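Observations on the three-dimensional arrangement
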Amino acid sequence: MTTSEAAFFEENGYLILRQAVVGAQLADLTAELAAVQQAVESGLWRGNHLFEEEGVARVIFNPYDHSPTLRRVIASDAMLGRARVMLKSPLRLDHTKLMCKVAGRGSAQPPHQDYYYWQANRANQVAVFVCIDPSTEANGCLRLFPGSHTGGLLPHHEEYHAVSGERHWVCDLPSGAVEVPFIAEPGDAIFFGSLTIHRSESNRSAQSRRAVIFEYDELNNLPEKPGWGGPLPAVRWTMES
């Protein structure tokens, strides 16, 4: 991670890495995640997912368990090296998920900070969002608010997805907040901290928008008796001590 990257992340709460996954590795990752999605939507695999509507996945948890290429990406120097600098700590992997924003009807995600879903001692986590499909404003790209991480954890209220029943924690935007859309191609990645406010619009296009997300946490950052505030972490993984 370069000095300029570190400074940008410190100031803005996110960092874009273009062509983070390319070539044969991107092709393998895309194929393996497509197989995961097909197995879930066909009913072959049950559990660990949320549906937008019957037979159409919205979120699939634990793709790590079924994608060797994803495991290699997560453990790569490009990802781990930057995440270590961002968190200023050795790491563990908390969880992974495949987001499937289906063409024409994938729903919006309201503004929130990921830390509201976590059960940890410190707000010191970073998510990595890797595009599988092109990400555009029309198909509901991720939208971030630079500098919003500096205001600490904000109050959130509950909302529920009208179809899946998924619980969302939602925060109000700070006065004067400026929004930046993450327009990207397959293989592009964005890192963002667990206090960085982000959201997305619904997918109004004819193109689906899939992305895989993995979240690193500071090592030894779990409380002794963790509660439950959101999706249960799927993986207690570490390559470091």
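Before reading on, note that the structure itself is shown above.
Worth saying up front: this structure is predicted, and the values here are computed from it rather than measured.

Bringing the nonpolar core into the picture now. Within the largest apolar cluster, 33 residues are counted, with the highest numbers of intra-cluster contacts made by Met79, Val126, Val128, Val130, Phe191, Phe214 and Tyr216. Ignoring anything within four residues of it in the chain, the contact list for Val130 reads Val21, Met79, Gly187, Asp188, Ala189, Ala211, Val212 and Phe214.

This part is about the pattern of salt bridges. What the rule picks out here adds up to 12 salt bridges. Ionic pairing is found between Arg92 and Asp94, a salt bridge with its closest N-O pair at 2.8 Å. According to the relative accessible area criterion, Arg92 is buried, its value standing at 6%. With relative accessibility at 3%, the residue Asp94 sits in the buried group. In this structure, the salt-bridge partner of Glu201 is Arg199, at a minimum N-O distance of 3.0 Å. The network of salt bridges with shared partners includes Glu137, Arg143, Glu179, Arg199 and Glu201.

What follows concerns the sheet that holds strand E4 (residues 91–101). Judged by pairing direction, the sheet is antiparallel, and its 7 strands sit side by side in the order E1-E11-E6-E13-E4-E3-E2 without closing on themselves. With one partner strand each, in any of the chains shown, strand E1 (14–17) and strand E2 (49–53) form the two edges of the open sheet. When strand polarity is set aside, the average angle formed by the axes of neighbouring strands in this sheet is 15°. Bridge analysis of E2 against strand E3 (residues 56–61) gives 4 bridges, and the strand direction is antiparallel. Considered in E3, the bridge of Leu50 is made with Val59. Together, E2, E3, E4 and strand E13 (209–218) form the strand contacts of helix H2 (residues 23–41), whose direction differs from that of E3 by roughly 115°. Each of E1, E4, strand E6 (125–131), strand E11 (189–193) and E13 is contacted by helix H4 (residues 77–87), which is oriented at about 50° to E13, the strand it contacts most.

Throughout the structure, instances matching the rule amount to 4 aromatic pairs. Geometrically, the ring pair formed by Phe129 and Phe182 is edge-to-face, given 6.2 Å between the ring centres and 75° between the ring planes. One end of the pair, Phe129, is in strand E6; the other, Phe182, is in the loop between strand E10 (180–181) and E11, with 53 residues separating them in the sequence. Phe182 matches Phe129 in its accessibility class, with the two residues each being buried. Over the face of the ring belonging to Tyr64 we find Arg71, whose NZ or CZ atom lies 5.8 Å from the ring centre.

Taken together, 4 strands build an open sheet; the order of strands is E5-E12-E7-E10 and the sheet is antiparallel. Looking at the sheet topology across the chains shown, the edges are occupied by strand E5 (109–112) and E10.

In this section: the state of the cysteines. What the rule picks out here adds up to 0 disulfides. Counting only cysteine sulfurs, Cys131 is the nearest neighbor of Cys100, a cysteine outside any disulfide, at a range of 13 Å. With no disulfide partner, Cys171 has as its closest neighbouring cysteine sulfur the one in Cys141, 17 Å distant. What makes Cys171 buried here is its relative accessible area of 3%.

On to the environment of Glu52. Tracing the backbone shows Glu52 in strand E2. Judged by relative accessible area, Glu52 falls into the buried class, the value being 7%. Separated by 10 residues in the primary sequence, Glu52 and Ser42 have C-alpha atoms spaced 14 Å apart. Sequence-distant contacts of Glu52, defined by excluding residues within four places in its chain, comprise Ala57, Arg58, Arg105, Gly106, Ser107, His161 and Val163.

Two faces, one strand: in a regular strand the side chains alternate between the faces of the sheet. With 7 of 7 residues buried, E6 is to be regarded as a mostly interior element. Burial along E6 is two-sided: the face carrying Gln125, Ala127, Phe129 and Cys131 and the face carrying Val126, Val128 and Val130 are both buried. In terms of strand pairing, E6 meets E13 through 7 bridges, oriented antiparallel. Residue Val130 lies in a different strand from E13, and its bridge partner there is Val212. Taken together, the 5 bridges between E6 and E11 define a ladder with antiparallel strand orientation. In the strand pairing of E11, Val128 is matched with Phe191.

Rules used in this analysis
Residues numbered from 1 in each chain as written. Predicted model: local features only at pLDDT ≥ 70, side-chain atom pairs only at ≥ 80, totals over all residues. Heavy atoms only, no water. Core = buried A, V, L, I, M, F, W, Y, C linked by side-chain atoms within 4.5 Å. Buried < 20%, exposed > 50% of the residue type's maximum accessible area, 1.4 Å probe, protein only. Contact = heavy atoms within 4.5 Å. Salt bridge = Lys/Arg side-chain N within 4 Å of Asp/Glu carboxyl O. Pairing = 2+ DSSP bridges. Helix = DSSP H or I, 4+ residues; strand = E, 2+ residues; numbered from the N terminus. Axes fitted to C-alpha atoms, helices over the stretch in contact; angles between N-to-C directions. Phe/Tyr/Trp six-rings, centres within 6.5 Å; stacked < 30°, edge-to-face > 60°. Lys NZ or Arg CZ within 6 Å of the ring centre and 35° of its normal. Disulfide = S-S within 2.5 Å.

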